[in-house]
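A closer look at the structure
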Amino acid sequence: MKTMKIVFMGTPDFAVPCLTALADSGAEVAAVFTQPDKPSGRKYKLVPTPVKKKALEYAIPVYQPLSLRKGEDAEQAMKILEEIQPDCIVVAAYGQILPKAILELPKYGCVNVHASLLPKYRGAAPIQRCILEGETETGVTIMQMAEGLDTGDMLVKGSLTIGENETASELHDRLSELGAKLIVEALQGIKDGTITPEQQDDSKSCYAAMITKDMSALDFTKPAIELHRTICALTGFTTMEGKRFKVFRSKLSDKKGTAQAGTVLDAKQLLVQCGEGTTLYLTEVQIEGGKRLQTSDFVRGKKISDGQKLGE
């Protein structure tokens, strides 16, 4: 892809493999747009985005407008893009909505790296939502961007099987690597004219709404499978002896129980009673003020007894 000039727009870790793959592919990455640095830590020191860090490693010019849609920043960004005249703008988890003028600027338009098998899970949180919904397969779609939310024509797709105990973080990393592979493939196909865009079937679409903190609360009156999906997708939390108790990993159990919801049935393995007679192993946990530990290590240092209740 030595003749394709690209502007890359992305911000978090998910986008880094895509930028790396493009820079290593021979494409000319003329500029990177990313979100402004954010203050972090006690001293509120400004921290660059993961994409900015990677772009600087490649000595790619970086721009960080507050907005692409209004104000002086937007006007300046448009001028920069008009001067660059990119063949294509690649977007991967940028975090800003592109105006029509930018969408129509490049020769080949703007393409987006979306972490789902469109038209399913359009929107902000496709990775977490597919786990919450119990999907066994997901993937990445490279799509031509349009003014609607993830509604553009699909160019390339790749799929992955979701592991029974796979967390959103683990799935995120696998999808980001898949996205990097597919974006290079897609741009080569665009340049060669070998890709036939496929229109999305809106009747099969669903929306992956943003995740909220309250969704992590574990309600043990629900079946174990629902709690397990919450833990895998979001990290769950409840209380133990009045202290906040996080659950990072769990494992489904085939054992049945009749105790009150939230009751610890096996203290050594943190087997907990859930709804509809189901039970769940909590396998990686952290109590308020303590360290994140495998359950086997946690129970060695914390006295827990059968019949103890979580959530109180």
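Here goes a summary of the coordinates provided. Counting restarts for each chain, with residues numbered from 1 along the sequence as it is written. Two thresholds apply to this predicted model, a pLDDT of at least 70 for residue-level local features and 80 or more for giving and counting side-chain atom pairs, whereas whole-chain, interface and lining totals are computed over all residues. Excluded from the side-chain calculations are hydrogens and water; all other atoms, namely the structure's heavy atoms, are used.

**Section: the sheet that holds strand β6 (residues 88–92)**
To keep it simple, the criterion reads: Only strands that DSSP links by at least two bridges are regarded as paired with each other. Secondary structure follows DSSP: runs of H or I at least 4 residues long count as helices, runs of E at least 2 residues long count as strands, and numbering of each begins at the N terminus.
One open sheet holds the seven strands; their spatial order is β5-β2-β1-β6-β7-β9-β10, and the pairing between them is mixed. At either end of the open sheet lies a strand with only one pairing partner, and these are β5 (62–63) and β10 (154–161).

**A word on the nonpolar core**
Our working rule: We call a set of buried Ala, Val, Leu, Ile, Met, Phe, Trp, Tyr and Cys residues a nonpolar core when their side-chain atoms join them within 4.5 Å. When accessible area is computed with a 1.4 Å probe and restricted to protein chains, residues below 20% of their type maximum are described as buried, those above 50% as exposed, and intermediate ones as partly exposed. The contact rule is simple, with two residues in contact once any of their heavy atoms fall within 4.5 Å.
Membership of the largest hydrophobic core comes to 45 residues, with the highest contact counts inside it found for Phe8, Val90, Val111, Val113, Ile142, Ile183 and Leu187. The residues touching Val90, leaving out its near neighbours within four places in the chain, are Ile6, Val7, Phe8, Met9, Leu22, Val111, Val113, Ile183 and Leu187.

**Focus: the side chain of Glu284**
The criterion, for reference: Any pair of N or O atoms that falls within 3.5 Å is considered a polar contact. Within protein, one atom must be able to donate a hydrogen and the other to accept it, and sequence-neighbouring residues count only if both atoms are side-chain atoms.
In this structure, Glu284 sits in strand β16 (residues 279–287). Classification of Glu284 by relative accessible area gives buried; the value is 9%. A polar contact of 3.3 Å, which involves the side chain of Glu284, links it to the side chain of Arg249. The residues contacting Glu284, other than those within four sequence positions of it, are Lys246, Val247, Phe248, Arg249, Arg292, Leu293, Gln294 and Thr295.

**Brief notes about helix α1 (residues 16–25)**
Side chains that are three or four residues apart share a direction in an α-helix, a result of its 3.6 residues per turn. For α1, a buried count of seven out of ten residues is recorded, marking the element as mostly surrounded by other parts of the structure. Turning to α1, its buried residues number three or more, namely Val16, Pro17, Cys18, Leu19, Thr20, Ala21 and Leu22. Looking one or two residues past α1, Gly26 carries a phi angle of roughly 100°, positive in sign.

**A look at the packing of aromatic side chains**
The criterion, for reference: Pairing of aromatic rings covers Phe, Tyr and the six-membered ring of Trp, with a centre-to-centre limit of 6.5 Å; geometry is then stacked below 30 degrees between planes, edge-to-face above 60, and tilted otherwise. A ring is considered to have a charge above it if a Lys NZ or an Arg CZ atom is located within 6 Å of its centre and within 35 degrees of its normal.
Under the defined criterion, the tally for this structure stands at two aromatic pairs. Aromatic side chains Phe33 and Tyr63 sit 5.3 Å apart centroid to centroid with 35° between the ring planes, which places their arrangement in the tilted category. Placement of Phe33 in strand β2 (residues 28–33) and of Tyr63 in strand β5 is noted, with a sequence separation of 30 residues between them. Classification of Phe33 as buried rests on a relative accessible area of 0%. Between the aromatic rings of Phe245 and Phe298, the centroid separation amounts to 5.6 Å while the plane-to-plane angle is 45°, which identifies the pairing as tilted. One end of the pair, Phe245, is in strand β13 (residues 243–252); the other, Phe298, is in helix α8 (residues 295–301), with 53 residues separating them in the sequence. Here Phe245 matches Phe298 in class, with each residue buried. Sitting above the plane of the Tyr281 ring, Lys251 keeps its charged end 5.6 Å from the centroid. Its guanidinium or amino end placed over the ring of Phe248, Arg292 lies 3.9 Å from that ring's centre, counting from NZ or CZ.

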